[in-house]
Amino acid sequence: MAAVSLPILKNTQRYGIWFIGVSFVLFQFFLQLSSGVVVGAIMGEMQISALEAGILSSSFYYVYTSMQIPVGMLFDRKSTRLLLTINALLCSIGCLYFAQSHNLVQLIIGRLIIGTGSAFAFVGLSHLLRQHFPLKHFGFLIGLSETLGFLATVFGIIAMGGLINQWGWRSFINSAAVLSLIISYFCWRHIPNFSPPSVTSTKNSQQLLNILKNSKTWINGIFVGLSFTVITVFGAMWAVPFIQVKLACSLKEASVIDAMIFLGAALSCPLFGKLACLLRRKPLMLSSCLSTAFLFFLVLYLPTQSAILLASLMFMIGLCCGAYMLAFSIANELASSDSLSTCTGFTNTLAMLSAPLIQPLIGYLLDLFSHSEGTPQLVDYQKALVIIPLCLLLATGLVFLLPEKNRH
């Protein structure tokens, strides 16, 4: 497809394009971070083990993580409209397949299809913003999109507990398939058909090689992966069953308490962005990891039956964890001007890599610790989930190896 000039759009058109792109991101966020509620319902219906539940949930990340860099390269070469339309449609197909599945293998295949389509959402939104907005608006709109993603997850998870109890998880996922189909239609109908100038594979390979040879980019990406486990591993997967056991409460009540971590994270993103403009970056990252680890230990071991107290602690965890976003600013500083998207994709790959590794590991540990009882008890969750604060403490050590921002 030949490259064409980018059309000049009115503000209403540009923000309409942003809204369509961010809708796909919100949908991806919701599918990614709400898996604990859906998988919790599947565990009860199909009697799958904690390890199998961890593998099912993390299967989303297998393709999502591995495709971040290739997806960025595709957006450099192909039509944004075509890529977003096809992959929103692929999410719809994945949801339909998932909802009709009756064994673990089928469920995993459906989740893999969903992960493949979702891999294009965030990179696609970034590409739309670069195409249709001045560069000075990019940081604000990406941060706003991240906040909206967490807020959508909050309201979605709060509603999910009740809706799944009333409709069943299959009907709920079928509804998600319809929503993804609508997003696909709007992508095709309203996003301009623009193909960027072609980029040689040799240049792309050299850019990626330069990033891979830079030890700081690896340290930075691993920092994000470790510090983000509190969201992708705990909040998105194991928080709901842990809360149900700790408080002996319903799926609906556990879902509402779990949603508080995402509400805190939604406020945390702009908060740390603002603080980073006023204060030194590394102390912010250190305090974020240490305070989050401390609060997580309280959630695990504090002997309480108060839903309000536990919800408050979950909210505080979300509010304190947002320094992971500062690592994406570091990624921009570590990359050359012609490889910013590639470096961001590489960082995002490492950021998400912890989920498919640690989610099933915790499931395996739960099965191991609860072997005699059959069903995991509170003490089993306390032993298995201690991995999360340990990851945060490891991330704290990596902060000392990262560069401080340039004050000039």
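Counting from 1, residues in each chain are numbered in the order their sequence is written. In view of the model being predicted, local features appear only for residues whose pLDDT reaches at least 70, and side-chain atom pairs are presented and counted only at 80 or more, with totals across whole chains, interfaces and linings using the full set of residues. Water and hydrogen atoms were dropped before computing side-chain values, which therefore reflect all heavy atoms in the structure.

Enquirer: Outline the overall build of the chain, supporting the account with residue identities and numerical values.
Expert: Helix numbering and strand numbering both begin at the N terminus, where a helix is a DSSP run of H or I of at least 4 residues and a strand a DSSP run of E of at least 2. On a plain count of helices and strands, the chain comes out with 19 helices and zero strands. C-alpha atoms define the radius of gyration in this analysis, and the globule rule sets the expected value at 2.2 Å times the number of residues to the power 0.38. Its C-alpha atoms give the chain a radius of gyration of 21 Å, within 12% of the compact-globule value 22 Å for 408 residues. Overall, the chain is about 65 × 50 × 35 Å in size when its C-alpha atoms are taken along their principal axes. Buried residues are those whose accessible area, probed at 1.4 Å on protein chains only, stays under 20% of the maximum for their type, while exposed residues exceed 50% and partly exposed ones sit between those limits. Taken across its 408 residues, the chain has 56% of its residues classed as buried. For the chain, restricting intrachain contacts to residue pairs at least 6 apart in sequence, the fraction spanning at least 24 positions comes to 85%. The centroid of the 22 positive side-chain charges in the chain is displaced by 16 Å from the centroid of its 12 negative side-chain charges. In what follows, residue pairs with any heavy atoms lying within 4.5 Å of each other are defined as contacts. Think of it this way: Lys and Arg go in the positive column, Asp and Glu in the negative one, and His and the chain ends go nowhere. For this purpose, a charge sits on NZ of Lys, CZ of Arg, CG of Asp or CD of Glu.

Enquirer: Could you give an account of the nonpolar core, with specific residues and numbers?
Expert: Only buried Ala, Val, Leu, Ile, Met, Phe, Trp, Tyr and Cys residues count toward a nonpolar core, and they belong to the same one when joined by side-chain atoms within 4.5 Å. In terms of nonpolar packing, the biggest core is built from 125 residues, with Phe150, Phe223, Ile243 and Ile362 touching the most fellow members. Counting residues in hydrophobic clusters, the runner-up holds nine residues, among them Met73, Ala335, Phe346 and Leu350.

Enquirer: Pulling in residues and values, what's your account of the packing of aromatic side chains?
Expert: Stacked, tilted and edge-to-face are the three classes assigned to paired rings of Phe, Tyr and Trp, where Trp is represented by its six-membered ring and a pair needs centres within 6.5 Å; plane angles under 30 degrees give stacked, over 60 edge-to-face, the rest tilted. Counting across every chain of the model gives twelve aromatic pairs. Between Phe242 and Tyr381 the ring centres are 6.1 Å apart and the planes differ by 65 degrees, which places this aromatic pair in the edge-to-face class. Remark: Tyr381 occurs in helix 18 (residues 378-384) and Phe242 occurs in helix 12 (residues 229-247); sequence separation between them is 139 residues. You'll find Phe242 and Tyr381 in the same group, each marked buried. Members of the aromatic cluster, each reached through a chain of ring pairs, are Phe234, Phe242, Phe296 and Tyr381.

Enquirer: Can you lay out the environment of Leu271 for me, pointing to particular residues and giving the numbers?
Expert: On the secondary structure map, Leu271 appears in helix 13 (residues 251-278). Judged by its relative accessible area of 36%, Leu271 is partly exposed.

Enquirer: Requested: an account of helix 2 (residues 35-46), with residues and values cited.
Expert: Given 3.6 residues per helical turn, the α-helix brings residues three or four places apart onto the same face. Multiplying 1.5 Å by the helix residue count minus one yields the expected span of that helix. Here helix 2 spans 16 Å end to end across twelve residues, near enough to the 16 Å set by a 1.5 Å rise per residue. Looking at the residues trailing helix 2, positive phi occurs at Gln47, about 55 degrees.

Enquirer: Lay out the packing of helix 14 (residues 281-301) against helix 16 (residues 326-334) in plain terms, naming residues and giving numbers.
Expert: Helix axes use the C-alpha atoms of the stretch in contact, all axes being lines fitted to C-alpha atoms, and the angles between their N-to-C directions lie in the range 0 to 180 degrees. Contact geometry of helix 14 with helix 16 gives a least axis separation of 11 Å together with a crossing angle of 145 degrees. In this structure, helix 14 crosses over helix 16, and the sense of that crossing is left-handed. In this structure, helix 14 uses Arg281, Leu284 and Met285 to contact helix 16, whose residues at the interface are Leu326, Ser329, Ile330 and Glu333. By the definition used in this description, the sense in which the near helix is turned from the far one sets the handedness, with an anticlockwise turn below a right angle giving left-handed and a clockwise turn giving right-handed.

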